[in-house]
Amino acid sequence: MYTLAPDEKTSLVMIYTQQTMIRGEAVVKNAITRVSTWLRTQGAPEYIHLLNVQILDFSLTPVRTIQHPDFYLPTQQVVAFHLAPPAADSPDYDAGELNRIMQPITLQVGVFTFKGMLRLAGNATVGGQLEAAHSPWVSAYDLSITTPAIPSLHLQVNMALLSPTRVFYGLP
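Please read all numbers here as calculations on a predicted model, not as lab measurements.

Asks: I'd love a proper account of the overall build of the protein, names of residues and values included.
Replies: When you go through the protein residue by residue, the secondary structure sums to one helix and ten strands. Relative to the compact-globule value of 16 Å for 172 residues, the protein shows a C-alpha radius of gyration of 16 Å, a close match. In terms of overall dimensions, the protein has a C-alpha envelope of 50 × 40 × 25 Å along the principal axes. Looking at the protein residue by residue over its 172 residues, the buried ones come to 41%. Counting contacts in the protein only where the partners sit at least 6 residues apart, residues at least 24 apart contribute 60% of the total. Put simply, the protein shows about 9200 Å² of open surface, and 55% of that area lies on carbon and sulfur atoms. With 10 positive and 12 negative side-chain charges, the protein shows a separation of 4 Å between the mean positions of the two kinds.

Asks: For the pairing of strand 8 (residues 138–146), give the residues involved together with the corresponding values.
Replies: The buried fraction of strand 8 amounts to seven of the nine residues, a majority that puts the element mostly inside the structure. In terms of strand pairing, strand 8 meets strand 9 (residues 154–162) through eight bridges, oriented antiparallel. Along strand 9, the bridge assignment pairs Thr146 with His154.

Asks: Any chance you could break down the pattern of salt bridges for me, citing the residues and the numbers?
Replies: Following the criterion strictly, the structure yields five salt bridges and no others. The residue Glu97 makes a salt bridge to Arg119 at a minimum N-O spacing of 3.7 Å. Linking Glu97 in the loop between strand 5 (80–83) and strand 6 (100–109) with Arg119 in strand 7 (residues 112–121), this pair joins segments that are 22 residues apart in sequence. Since its relative accessible area comes to 14%, Arg119 is described here as buried. A cluster of three or more residues bridged by salt bridges with shared partners is formed by Glu97, Arg100 and Arg119.

Asks: Kindly report on the layout of surface pockets, identifying the contributing residues and their values.
Replies: The volume enclosed by the largest pocket comes to roughly 370 Å³. Counting only elements with at least two residues in the lining of the largest pocket, the list comes to strand 7, helix 1 (126–133) and strand 8. When residues of the lining of the largest pocket are assigned to their parent elements, the largest contribution, four residues, is made by helix 1.

Asks: Go over the side chain of Ser36, please, and point to the residues and values.
Replies: As for its position among the elements, Ser36 is in the loop between strand 2 (20–29) and strand 3 (47–57). Looking at Ser36, the relative accessible area reads 4%, which means it is buried. One polar contact links Ser36 to Asp89, side chain to side chain, over a distance of 2.6 Å. Non-local contacts of Ser36, meaning those with residues more than four positions away in its chain, are made with Phe81, Leu83, Asp89, Met159 and Leu161.

Asks: Help me get a handle on the packing of aromatic side chains, residues and values and all.
Replies: For the coordinates displayed, the defined rule picks out five aromatic pairs. Residues Tyr16 and Phe112 carry aromatic rings whose centres are separated by 5.0 Å and whose planes lie at 75° to one another, so their mutual orientation is edge-to-face. Residue Tyr16 is found in strand 1 (residues 8–16), and its partner Phe112 is found in strand 7; the two are separated by 96 residues along the sequence. Just as Tyr16 is buried, Phe112 falls in that class too. Taking 5.3 Å as the distance between ring centres and 85° as the angle between the ring planes, the aromatic pair formed by Phe58 and Phe112 counts as edge-to-face. Of the two residues, Phe58 is situated in the loop between strand 3 and strand 4 (64–74) and Phe112 in strand 7; the sequence distance between them amounts to 54 residues. For the residue pair Phe58 and Phe112, the accessibility class agrees, reading buried in each case. Among the aromatic residues, ring-to-ring pairing joins Tyr16, Phe58, Phe112 and Phe114 into one connected group.

So, how was this worked out
Residues numbered from 1 in each chain as written. Predicted model: local features only at pLDDT ≥ 70, side-chain atom pairs only at ≥ 80, totals over all residues. Heavy atoms only, no water. Helix = DSSP H or I, 4+ residues; strand = E, 2+ residues; numbered from the N terminus. Rg over C-alpha atoms; globule rule 2.2 N^0.38 Å. Buried < 20%, exposed > 50% of the residue type's maximum accessible area, 1.4 Å probe, protein only. Contact = heavy atoms within 4.5 Å. Areas by Shrake-Rupley, 256 points an atom, 1.4 Å probe, with all protein chains shown as cover. Lys, Arg positive; Asp, Glu negative; His and termini not counted. Charge placed at Lys NZ, Arg CZ, Asp CG, Glu CD. Pairing = 2+ DSSP bridges. Salt bridge = Lys/Arg side-chain N within 4 Å of Asp/Glu carboxyl O. 1 Å grid on protein atoms, 1.4 Å probe; cavity = no way out; pocket = protein on both sides within 12 Å on 5 of 7 lines; lining within 4 Å. Points joined across faces, edges and corners; volume = space filled by probe spheres on them. Polar contact = N/O pair within 3.5 Å; in protein donor to acceptor, adjacent residues only side chain to side chain. Phe/Tyr/Trp six-rings, centres within 6.5 Å; stacked < 30°, edge-to-face > 60°.

Structure follows, in structure tokens:
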């Protein structure tokens, strides 16, 4: 089993790829104060190191569960990332910022549906902002996460990072 270095800590996270949901303890540097935005920072790794991992693999029927005590996931494979509930960081924006709106959105993340909000410039459209941003990560807020593969699974998350080119966007 992996032993944490003195400058490391773990944080329970959930990661989504096109065909899996992964829950585990991400190994991060102590200097990372907001794990929910970690993948956006200069300190983001090429491989996310996770401990005590549980994976739901949706590529098979029925859904298969896999466990690993120590696991590495290429960050490039991540479609969505958030702290495991009930943990939550404060939002990564200033609520008092002028000329911003919260746009209701439905996001398709592999086999998962994320219903929540995107924060946009007041005069922007979802498509326009995505085209203009060219960012490797976009934040979504106040999310309800479900999948028809497991009807009893329902997560409430205050914020998640999404890989914008690997998610489908539906507007009400």
